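Examining the three-dimensional arrangement
Residue strings, one per chain:
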Amino acid sequence: MNIIAKEIEFPGAFILGAGAAPFQTLGINAEFMPIVQTKSDHKPAVNGSYFAQINPEDGGCLLEKYSKKYNDFGFALLANLFASEGQSGKVIEIKAKGRTGEYNFVTCMRKTLEKHYGDKPVGMGGTFVVQNGKVKVHIMPPEFSSCPLTSDEDVNNWLHFFEIKAPLVCQPVFVSRDPGFDLRLEHTHCFSHHGEGGHYHYDTTPETVEYLGHFLPAEILYRIDKPKETHTFGRD
Ligand SMILES: [Zn+2]
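The model shown is predicted, which means the values in this text are computed figures rather than measured ones. (Residues numbered from 1 in each chain as written. Predicted model: local features only at pLDDT ≥ 70, side-chain atom pairs only at ≥ 80, totals over all residues. Heavy atoms only, no water.)

Focus: the coordination of the zinc ion
Taken together, His187 (NE2), His189 (NE2) and His199 (ND1) make up the protein donors of the zinc ion, found 2.0 to 2.1 Å from the metal. The motif formed by the donor residues of the zinc ion, counted along the single chain, is H-x1-H-x9-H. Classification of His187 as buried rests on a relative accessible area of 3%. Residue classification places His189 among the buried residues on the basis of a relative accessible area of 0%. (Donors = N, O, S within 2.8 Å, 3.2 Å for Na, K, Ca; no water. Buried < 20%, exposed > 50% of the residue type's maximum accessible area, 1.4 Å probe, protein only.)

So, the packing of aromatic side chains
Inspection of the entire model under this criterion finds eight aromatic pairs. Ring geometry for Phe174 against Phe215: centres 6.2 Å apart, planes inclined by 80°, an arrangement best described as edge-to-face. Of the two residues, Phe174 is situated in strand 12 (residues 168–175) and Phe215 in strand 15 (residues 210–217); the sequence distance between them amounts to 41 residues. Per residue, the accessibility class of Phe174 equals that of Phe215, and both read buried. Members of the aromatic cluster, connected to one another through ring pairs, are Phe105, Phe128, Phe174, Tyr200, Tyr211 and Phe215. A cation sits over an aromatic face here: Lys136 above Phe161, 4.6 Å from the ring centre. (Phe/Tyr/Trp six-rings, centres within 6.5 Å; stacked < 30°, edge-to-face > 60°. Helix = DSSP H or I, 4+ residues; strand = E, 2+ residues; numbered from the N terminus. Lys NZ or Arg CZ within 6 Å of the ring centre and 35° of its normal.)

What about the pattern of salt bridges?
Considering all chains together, one arrives at five salt bridges under this definition. Across the pair Asp182 and Arg223 runs a salt bridge whose closest N-O atoms are separated by 4.0 Å. Of this pair, Asp182 sits in the loop between strand 12 and strand 13 (186–191) while Arg223 is found in the segment after strand 15, placing the two residues 41 residues apart along the sequence. Within the structure, one salt-bridge network assembled from shared partners comprises Glu114, Asp119 and Arg177. (Salt bridge = Lys/Arg side-chain N within 4 Å of Asp/Glu carboxyl O.)

Quick look at helix 3 (residues 105–117)
An α-helix turns once every 3.6 residues. As a result, residues three or four positions apart point the same way. With 13 residues, helix 3 extends 19 Å between its outermost C-alpha atoms, agreeing within 8% with the 18 Å of an ideal straight helix rising 1.5 Å per residue. Taken together, the buried positions of helix 3 are occupied by Phe105, Val106, Thr107, Met109, Arg110 and Leu113. Buried residues along helix 3 sit in contact with strand 8 (92–97), strand 9 (123–132), strand 12, strand 13, strand 14 (198–203) and strand 15. The opening residue of helix 3 is Asn104, an N-cap whose side-chain oxygen sits 2.9 Å from the backbone nitrogen of Val106. In the segment just after helix 3, Gly118 is the residue with positive phi, at about 55°. (Expected span 1.5 Å × (residues − 1). Contact = heavy atoms within 4.5 Å. Polar contact = N/O pair within 3.5 Å; in protein donor to acceptor, adjacent residues only side chain to side chain.)

Some words on the side chain of Glu186
The residue Glu186 is located in strand 13 in this model. The buried category is assigned to Glu186, whose relative accessible area is 13%. Within polar-contact distance, the side chain of Glu186 engages the side chain of Arg110 at 2.6 Å. Leaving out residues up to four positions away in the same chain, Glu186 has contacts with Asn104, Val106, Thr107, Arg110, Val173, Phe174 and Arg235.

With respect to the state of the cysteines
Scanning all chains against the criterion turns up zero disulfides. The thiol of Cys61 is unpaired, and the distance to the nearest cysteine sulfur, on Cys190, comes to 8.5 Å. Lacking any disulfide linkage, Cys108 is separated from the closest cysteine sulfur, that of Cys170, by 14 Å. Judged by relative accessible area, Cys108 falls into the partly exposed class, the value being 38%. (Disulfide = S-S within 2.5 Å.)

Shown next, in the form of structure tokens:
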């Protein structure tokens, strides 16, 4: 995270988002919920991140908060990050109750932005709380796949899916459309204080679900370490 802050010339950046936990440090694959104040000239880094893994004991969801025993905690594979100064100020508040269509909360916001701004990409980040209801999430298995995953079906067969309950704190990063950077358009990870978390797909309780979110539009979009070879599956 300190390296990312350096790359975007933003020391002390407060970073939220969704990514893959560092298998190099943990020894396993896991979902990563970064909450990091990166280091600056005056202050050391503060790491309040969570990560969710498959519980080796019962195959369930195991959410853990970062602690000092995990030395040098970064991320692996990929991450979608939203960096801000972490100061208080004006934000966009969105409340939603009930779901009437097939799109999840983040996709609705993303498509609304795309409809309004068209070709002009608008990126946003922040947090929202699922205040009521349940959501479908996935957690990557601890081991990498022994054979290449070459379709959405392969990826879905590899992932573990769970239904977890509110209240959930979610960290979305989304862009209304891809300006040709080969982007994942939305990525949201969530954590809770009752031991559940993961990669958010959608709520499974459209009648009772309630969302409360606070967001900020991005000023600059950075694409770091873009893969040379790309594909389009596994991007939901
Ligand atoms: Zn994810």
